[in-house]
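Spelled out, the chains give:
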Amino acid sequence: MAADFRQKICILKEKALTLYPILEKNKLNNYNKMKANKFYLIICTALLMLGNGAASAEEYIFDRLAVGVEVGTAGAGLELASHVTRFVTLRAGVSALPELIGKSFTIPYSVKNIQYSAIVKGSLHKIDGKVLADIYPFPESSFHLTTGLYMGTADFIRAQNTTELKGIGKGEGIMVGGKAVTLDENGKVRLSVQAASMKPYVGVGFGRPVSDHHLNLALDLGVQYWGAITLNAWSPDEEEWASITPDDINNAEFKKYYDIISGIPVYPVLNLRLYYCF
């Protein structure tokens, strides 16, 4: 397509080159001839720029491929990257944050007016696919602006009891936020903190995945916008998440952490990426 466009530009150039002899042949006065010469110069310059631009665009569209690995607050992941133009690089990949970071809370509860307590552990968890565009405003610099979209799991914090829920028999449950939640087949009550599964991303960074070198390093700093945060309990009987509030969980420390998380509508991203460019 770009080659056809370039060929048409060349034809227009040739036609433009025939303009000047015509102007010379006609008996134009000096003033009109000066205006015609300027017009001729503008046309030729514009056509030359269009022709070169088409050739340059064709040279950069998916001309090379880079495969990369990353590690950071978005987790560990894999990426593919390629040029779209001289100023834009397109990246696509997947990242995952395993349930390694967590905190435990002691949650009191009662069954038939008898008080019990259980230890509940919450862990950070994320799996996302992504499509991002790096925009390089300065051709000779590795500085770039990045925009795009992360798409993945909505429940980014998962929690469940790590100790037995005493006083509760098989098929029985507890009241969580005015909702009856039965234990699953493993005797667990599951909670989750959920955000939007589609998370727009904006950020800045340094580095070029695709360059004249085989190995390339890049650094990104940005935010995923995840919107409103909700707290949910899993109901095995209804096979769906039931929305609850932090006040339904009888633990001041849990409420404090939830208030901090829910008050921040974005997730910070700091990633280091290493690429091999083919």
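Residues numbered from 1 in each chain as written. Predicted model: local features only at pLDDT ≥ 70, side-chain atom pairs only at ≥ 80, totals over all residues. Heavy atoms only, no water.

Draft legend 1. Spotlight on the nonpolar core. Core analysis: the biggest nonpolar cluster contains 32 residues, and Y109, F156, L165, I168, V193 and I229 have the highest contact counts within it. Secondary-structure elements contributing two or more residues to this core are β4 (102-111), β5 (114-124), β8 (155-161), β11 (190-194), β14 (230-235), α4 (252-262) and β16 (266-277). Broken down by element, this core gets its largest block of residues, four residues, from β4. Ignoring sequence-local partners within four residues, the contact set of I168 consists of Y109, V111, G173, I174 and L183. (Core = buried A, V, L, I, M, F, W, Y, C linked by side-chain atoms within 4.5 Å. Buried < 20%, exposed > 50% of the residue type's maximum accessible area, 1.4 Å probe, protein only. Helix = DSSP H or I, 4+ residues; strand = E, 2+ residues; numbered from the N terminus. Contact = heavy atoms within 4.5 Å.)

Draft legend 2. Focus on empty space enclosed by the protein. Under the criterion given, the structure shown has two cavities of 30 Å³ or more. Here the largest cavity is characterised by a volume of approximately 40 Å³. In terms of lining, the largest cavity is formed by E70, E79, R91, K130, L132, Y150, Y201, D220, N271 and R273. At the level of elements, β6 (126-135) and β16 are the ones that each hand at least two residues to the lining of the largest cavity. Grouping the constituent residues of the lining of the largest cavity by class yields three nonpolar, one polar and six charged. Computed from the structure, the second largest cavity encloses a volume of approximately 30 Å³. (1 Å grid on protein atoms, 1.4 Å probe; cavity = no way out; pocket = protein on both sides within 12 Å on 5 of 7 lines; lining within 4 Å. Points joined across faces, edges and corners; volume = space filled by probe spheres on them. Nonpolar A, V, L, I, M, F, W, Y, C, P; charged D, E, K, R; others polar.)

Draft legend 3. Molecular detail of the sheet that holds strand β3 (residues 88-97). With antiparallel pairing, eight strands are arranged side by side around a closed barrel as β1-β2-β3-β6-β7-β12-β13-β16. Within this sheet the neighbouring strands show an average axis-to-axis angle of 25°, counted without direction. The sheet contact formed by strand β13 (residues 215-225) and β16 spans 11 bridges and is antiparallel. Its bridge partner lying in β16, L215 is registered against Y276. (Pairing = 2+ DSSP bridges. Axes fitted to C-alpha atoms, helices over the stretch in contact; angles between N-to-C directions.)

Draft legend 4. Layout of the pairing of β8. Counting buried positions over the seven residues of β8 gives five, a clear majority of the element. Bridge analysis of β5 against β8 gives five bridges, and the strand direction is antiparallel. Among the inter-strand pairings, G122 is bridged to a residue of β8, identified as A159. With five bridges connecting them, β8 and β11 associate as antiparallel partners. If you follow D155 over to β11, its bridge partner there is Q194.

Draft legend 5. Molecular detail of the layout of surface pockets. One number sums up the size of the largest pocket: a volume of about 530 Å³. Forming the walls of the largest pocket are 27 residues, and the residues nearest its centre are L124, F156, I157, Y257 and I261. Only β4, β5, β8, β11, α4 and β16 provide two or more residues apiece to the lining of the largest pocket. Classifying every residue of the lining of the largest pocket gives 20 nonpolar, five polar and two charged.

Draft legend 6. Representation of the side chain of D220 within the structure. Position of D220 among the secondary structure elements: in strand β13. Of note is the side chain of D220, whose polar atom sits 3.1 Å from the side chain of H144. A polar contact is formed between the side chain of D220 and the side chain of R273, at a distance of 2.6 Å. When residues no more than four places from it in sequence are discounted, the contact partners of D220 are R91, H144, T146, Y201, V204, G205, V269, L270, N271 and R273. (Polar contact = N/O pair within 3.5 Å; in protein donor to acceptor, adjacent residues only side chain to side chain.)

Draft legend 7. Main features of the pairing of strand β2 (residues 75-83). Note that strand β1 (residues 65-72) and β2 share eight bridges and pair antiparallel. Bridge pairing in β2 links L65 to S82. In sequence, β1 turns back onto β2 through a hairpin of two residues. By the bridge criterion, eight bridges tie β2 to β3 in an arrangement that is antiparallel. Bridge pairing in β3 places E79 opposite G93.

Draft legend 8. Summary view of the environment of G72. When you line up the elements, G72 lands in strand β1. The sequence separation of G72 and R273 amounts to 201 residues, and the corresponding C-alpha distance is 8.8 Å. In this structure, G72 is in contact with L270 and N271, ignoring residues within four places of it in sequence.

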